Amino acid sequence: MAADKQSEIKTSGMDENKENVDNSFGLEILQIIKDSQQQHGLRHGDYQRYRGYCSRRLRRLRKTLGFKMGNRHKFTGKKVTVEILSDNRYLLLVLMEAERAWSYAMQLKQEANTEPRKRFHLLARLRKAAKHSEHLERLCESPRVDAKTKLEAQAYTAYLTGMVQFELQEWKAAMEAFNKCKTIYEKLASAFTEEQAVLYHQRVEEISPNLRYCAYNIGDQNAINDLMQMRLSAGGSGGMMAEKLETLITQTRAKQAATMSEIEWRGRIVPVKIDKARIFLLGLADNEAAIAQAASEETKERLYETLLAECRDTIQAVREEIRIDVKSRERSSDAEGGKASNLHYLHSYLTYIKLCTVVKRNESMANTLQSKLKEPQTDENKRGPRPQDLIRLYDIILQSLAELSGLQGMEEDHTFQKEIALKTLVYKAYRCFFIAQSYVLVKKWSEALVLYERVLKYAREVQSKSKSLNNSLKDLPDVQELIAEVNAEKYSLQAAAILDKEDVAETPSQPHVKDSKPLCDRLEAFRLDPTLVGKQPNLVEFPPDFQPIPCKPLFFDLALNHVAFPPLDDKVEQKGKGGLTGYIKGIFGFGS
């Protein structure tokens, strides 16, 4: 709530500063809605949070302007008219009403994926948003509103009108509205500096996918290629733009998938009756072409992940179909002669695509790491790539190839099994090569040399087996380059091992004598003790041993029992029998 108020104060202050001397005022419509959307939920696609923000801001604006809709007991509807238009906050009030209705419509659009009935409510809220935007456009026709605000209001109205027509699948009307919106924003962008024009260009880029999709539905067959290029140019940014492109591309493929009924894989034609599988297989070639054209590794990685996610969803749909159709679980025994059923074969084909994509993705990542591994390390504090990272990638590749060899329906396909075995040998050779390099880093020369010999063995075996399978190595790494690199590494390794032995021979060996004495007890003799620079150096003996010390003497008076004390009778006063007279004398002191 505090953040809402701060942003409102900031926006209001910015709007007030834009008033001209002749009492005309304006409103940065696109700037306000973009800032509000980014700060209040739309950065993460949270339309419900943005809708709540619009409601709270509307309440604060009405309270500030004294434009309340009745009281707590009775509702009295009011409309902003040109006559009461004395402040740009009245325009902001109508803009927030349109934004609230639009955000509610987008929230319902997300929920309509699982609850189709909400689509009717979605259309009602979109029409409401378009109605508020038209009201805003009429208010901006007042002479007190500046020209820039009028143009932005027209573009905003055209955008929301296009959204309504787009959801109603009125493609021509939607295309006209989007073209009008695009033209206005392009004119505004050309009239201002580059810093101010960035926002308008972003809005034009957001509208472009909708325009191409409308063009495709009207009859432009090249529009799907334009959409693919837009997704490719979006890079690894993702976000709302990428999600919109993915949705439009999926909808386009869904229309094209109606004409697809079967596929052919390894000499067998399989009917495809599942819509999700049709859409995926139809877009497979486009996805692979987009990956091949990707400019950066980040974009390529994102496209690989998107393709794998679609493939997993398609495989799950086929599994559910197999589970429902009990008859398809059984092998056909009459005409097919023990072959897998069509659904099982389709499942195997989709699994083959998924595993091959995993292999290609990991191979792409391995190539990137190899190029970084060959680059010199500039920052010593930063951890660079190591051969162990490549070993893990090739482990995943080998695991995927092992799953490929066990695909259902491929057990009797000997050519397929030979191709998988050949690919396994190639990737085993590369994995073994990087294991050898990891041993070189820790100066284990003999182990590394043995592993290099194993790499050469795998490579020669690949060369001997690839003669019968000419087309199997076209997508694999070049084994001949690996052989040349291994030979060079072997010579370097042997030289490094010889130099390492010479260094050891030249270093004078110090006597390593195990002595349990601490350092403080053997300072007069030098010994090479590596424990002194370790974590527990033997410097002093602690706790120290006990040592004998002289005790404090104890004296016992044994002669006292045999000592005869002198008589003290003459010192002791003899008491006589005085009687009463003596008592009286004693009182008055006469007897002393």
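Cut-offs used in this document
- Residues numbered from 1 in each chain as written.
- Predicted model: local features only at pLDDT ≥ 70, side-chain atom pairs only at ≥ 80, totals over all residues.
- Heavy atoms only, no water.
- Helix = DSSP H or I, 4+ residues; strand = E, 2+ residues; numbered from the N terminus.
- Buried < 20%, exposed > 50% of the residue type's maximum accessible area, 1.4 Å probe, protein only.
- Contact = heavy atoms within 4.5 Å.
- Areas by Shrake-Rupley, 256 points an atom, 1.4 Å probe, with all protein chains shown as cover.
- Salt bridge = Lys/Arg side-chain N within 4 Å of Asp/Glu carboxyl O.
- Patch = residues over 30% accessible without salt bridge, like charges linked within 9 Å, V, L, I, M, F, W, Y side chains within 5 Å.
- Lys, Arg positive; Asp, Glu negative; His and termini not counted.
- Charge placed at Lys NZ, Arg CZ, Asp CG, Glu CD.
- Pairing = 2+ DSSP bridges.
- Expected span 1.5 Å × (residues − 1).
- Phe/Tyr/Trp six-rings, centres within 6.5 Å; stacked < 30°, edge-to-face > 60°.
- Lys NZ or Arg CZ within 6 Å of the ring centre and 35° of its normal.
- Axes fitted to C-alpha atoms, helices over the stretch in contact; angles between N-to-C directions.
- Parallel < 35°, antiparallel > 145°, perpendicular 65-115°, else oblique.
- Left-handed = near helix turned anticlockwise from the far one by under 90°.
- Nonpolar A, V, L, I, M, F, W, Y, C, P; charged D, E, K, R; others polar.

Caption draft 1: Spatial organisation of the overall build of the protein chain. Counting secondary structure elements, the protein chain contains 18 helices and 2 strands. Buried positions account for 40% of the 592 residues belonging to the protein chain. Contacts spanning at least 24 positions in sequence make up 65% of the contacts within the protein chain whose residues lie at least 6 apart. Counting only carbon and sulfur atoms, one obtains 52% of the accessible surface of the protein chain, whose full area is about 36700 Å².

Caption draft 2: Examining the pattern of salt bridges more closely. Inspection of the entire model under this criterion finds 13 salt bridges. Across the pair Glu 167 and Arg 119 runs a salt bridge, and its minimum N-O distance is 3.0 Å. In this pair, Glu 167 is assigned in helix α6 (residues 147–167) and Arg 119 in helix α5 (residues 118–139), connecting sequence segments 48 residues apart. For Arg 119, a relative accessible area of 32% gives the class partly exposed. One salt bridge connects Lys 465 with Glu 461, and the closest N-O pair in it is separated by 3.4 Å. Remark: Glu 461 and Lys 465 occur in helix α16 (residues 445–465); sequence separation between them is 4 residues, near one turn of the helix. The class for Lys 465 is partly exposed, based on a relative accessible area of 40%. A relative accessible area of 26% means that Glu 461 is categorised as partly exposed. Members of the salt-bridge network, linked through shared partners, are Lys 34, Arg 203 and Glu 206.

Caption draft 3: Expanded view of a negative patch on the surface. The grouping of Asp 521, Glu 524, Glu 541 and Asp 545 at the surface amounts to a negative patch. In this structure, Asp 545 sits in the loop between α17 (479–506) and α18 (579–588).

Caption draft 4: Focus on the pairing of strand β2 (residues 268–271). Judged by which residues are buried, β2 turns out to be one-sided: Arg 268 and Val 270 face inward and are buried, whereas Ile 269 and Pro 271, on the alternate face, are not. Note that strand β1 (residues 262–265) and β2 share 4 bridges and pair antiparallel. By the bridge assignment, Ile 263 is partnered in β2 with Val 270. From the end of β1 to the start of β2, which pair antiparallel, there are 2 residues, and Arg 266 there has a positive phi angle of about 55°.

Caption draft 5: Region of interest: unusual backbone geometry. Look at the link from Phe 542 to Pro 543: it is a cis peptide, with omega at -5°. As for its placement among the helices and strands, Pro 543 is situated in the loop between α17 and α18. Even without being a glycine, Gln 169 presents a positive backbone phi close to 60°. Following the sequence through the fold, Gln 169 ends up in the loop between α6 and α7 (171–191).

Caption draft 6: The arrangement of helix α14 (residues 387–405) in detail. In this model, α14 (19 residues) spans 27 Å end to end at C-alpha, consistent with the 27 Å of a helix rising 1.5 Å per residue. The inward-facing, buried residues of α14 abut α13 (342–374) and α15 (414–441).

Caption draft 7: Quick peek at a positive patch on the surface. A cluster of basic residues, Lys 79, Lys 128, Lys 131 and Arg 138, forms a positive patch on the protein surface. With a relative accessible area of 66%, Lys 79 lands in the exposed category.

Caption draft 8: Main features of the packing of aromatic side chains. Within the structure shown, the criterion is met by 18 aromatic pairs. Here Tyr 50 and Tyr 53 contribute two aromatic rings whose centre-to-centre distance is 6.2 Å and whose plane-to-plane angle is 25°, an arrangement assigned as stacked. With a gap of 3 residues between them, Tyr 50 and Tyr 53 both fall in helix α3 (residues 47–65), about one helical turn apart. For the pair Tyr 50 and Tyr 53, a shared accessibility class is recorded, and that class is buried. An aromatic cluster of at least three residues, connected via ring pairs, comprises Tyr 394, Tyr 427, Tyr 430, Phe 433, Phe 434 and Tyr 452. Lying over the aromatic face of Tyr 104, Arg 51 brings its terminal NZ or CZ to 3.7 Å of the ring centre. Over the ring of Phe 192 we find Lys 148; its NZ or CZ atom is 4.6 Å from the centre of that ring.

Caption draft 9: Structural detail: the packing of α6 against α7. Two numbers describe how α6 lies on α7: the axes approach to 8 Å, and their chain directions differ by 155°. Here α7 runs roughly antiparallel to α6, going by the angle between their axes. In the packing of α6 onto α7, the handedness of the crossing is left-handed. Each residue belonging to the contact of α6 with α7 can be placed in one class, and the counts come to 16 nonpolar, 4 polar and 3 charged.

Caption draft 10: The arrangement of the environment of Glu 489 in detail. Here Glu 489 lies in helix α17. Judged by its relative accessible area of 25%, Glu 489 falls in the partly exposed class. For the pair Glu 489 and Ala 436, spaced 53 residues apart in sequence, the C-alpha separation works out to 9.8 Å. Beyond its immediate sequence surroundings of up to four residues, Glu 489 is in contact with Phe 433, Gln 437 and Tyr 452.

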